[in-house]
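Fold and contact review
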Amino acid sequence: MTTKVHHRILLTGAAGGLGTALRERLKADCNILRLSDRAEVGAAGAGEEVVVADLADASAVSSMVEGVDAVVHLGGISTEQPFELILQANIVGAYNLYEAARKHGVKRIVFASSNHVTGYYRQSEVIDAAAPVRPDGYYGLSKAFGENLSRFYFDRYGIETACIRIGSSFPEPRDRRMLATWLSYDDLHRLITGCLTTPVLGHTIIFGMSDNAVTWWDNRLARHVGYRPQDSSDVYRDAVYARTPQPDLQDPAVQFQGGVFVTKGPFE
Ligand code: NAI
Ligand code: 15L
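Conventions we followed
- Throughout this document, residue positions are counted from 1 along each chain, in the order its sequence is written.
- Each chain gets a letter, beginning with A, and each ligand a number, beginning with 1, in the order they are written.
- This being a predicted model, a pLDDT of at least 70 is required before a residue's local features are given, and a value of 80 or more before pairs of side-chain atoms are given or counted; all residues contribute to the totals for chains, interfaces and linings.
- Only heavy atoms go into the side-chain values, all of them from the structure, while hydrogens and water stay out.
- Whenever Lys or Arg places a side-chain nitrogen within 4 Å of a carboxyl oxygen from Asp or Glu, that contact is recorded as a salt bridge.
- Numbering goes from the N terminus for both helices and strands, where a helix is a DSSP run of H or I of at least four residues and a strand is a run of E of at least two.
- Residues are classed as near a molecule or strand on a simple rule: at least one heavy atom within 4 Å of it.
- N or O atoms closer than or at 3.5 Å make up a polar contact, with two conditions inside protein: a donor-capable atom paired with an acceptor-capable one, and, for residues adjacent in sequence, both atoms drawn from side chains.
- Note on areas: these come from Shrake-Rupley sampling with a 1.4 Å probe, and a residue is covered only by the protein chains present in the view.

1. Section: the pattern of salt bridges
Enumeration over the complete set of coordinates arrives at 14 salt bridges. Of the charged contacts in the structure, one is a salt bridge between R25 and D186, with a shortest N-O distance of 2.9 Å. Here R25 is found in helix 1 (residues 17–25), whereas its partner D186 is found in helix 6 (residues 185–197), with 161 residues between them in sequence.

So, in structure tokens, the structure goes:
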């Protein structure tokens, strides 16, 4: 058996789509996988622990984090929503997580950021991690907060974080936009493993996409993570074109990288 870099890893958002997809895969990266969510994740299996916690509850988050070596933080609101919902889960929740990590000596975190941090770049632009953020809503703003929060905790306390700006991680690309943004579950796991195991991570922003021919994102500033995607949206291209209409180039959802997220709100 190979030696695992981390003994116990905490996976937040374990009841969600990506949490469910990663539950088995992440067992290769640790001896004990602690699963947490405010929703039901089911009984703990072999090599698993379950801790129910709302990210907005600082005391519950502290207990959730105590005793873990690394965190894969997926928990939170994952779509554009009214600010109050985003505030509690994604902003207060991220603060609670990093405070708990500081108090309990956690040294490395993988943070599920999002392409919506830069959703207002155009689909005709290619950006890297040094490009200024251009969030496309409250959700994207909350992920930008998480990126800055984690940079502060690295600069001040040395907690290393990889902010993965995940594109669209689903079993298959659903539309033409996702031919550029798609990230397979296996590639997501490869990317997280790279972030968890690279000897020196620092504070790193990396775009989470598979090896898609059409891309808006350049990961040259994160080569030290050692991520080599093995899947590609290209195999779905003909099928996606056949079942989706010709795009309207006047539609903001077609102009901007954030897609339909740029059309959500206001919420009054
Ligand atoms: P999801 O919505 O399926 O899962 C999120 C989980 O977080 C849910 O199980 C939910 O119960 C939990 N959660 C929400 N608020 C919480 C709170 N206050 N306390 C505790 N748990 C809470 O989302 P999905 O697709 O699994 O995404 C996981 C993460 O990756 C999210 O942070 C999302 O923003 C991010 N992401 C996902 C992308 C994708 O394509 N699936 C793309 C970009 C980012
Ligand atoms: C996200 O950040 C969302 O969590 C996910 O549900 C998708 O909508 C994805 O972005 C996307 O941009 O396709």
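Having seen it, we continue.
2. Remarks on the site of ligand 1
The environment of ligand 1 is formed by 27 residues, the closest being L18, D37, S78, Y139 and S169. Separating an oxygen atom of ligand 1 from a backbone N or O atom of G16 is a distance of 3.1 Å. One of the backbone N or O atoms of L18 is found 2.8 Å from an oxygen atom in ligand 1. Burial of ligand 1 by the protein amounts to 87% of the accessible area it has alone, namely 820 Å². Mapped onto the shell around ligand 1, the elements with two or more residues apiece are helix 1, strand 5 (108–114) and helix 4 (138–157). Among the elements that line the shell around ligand 1, the one with the most residues is strand 5, at three residues.

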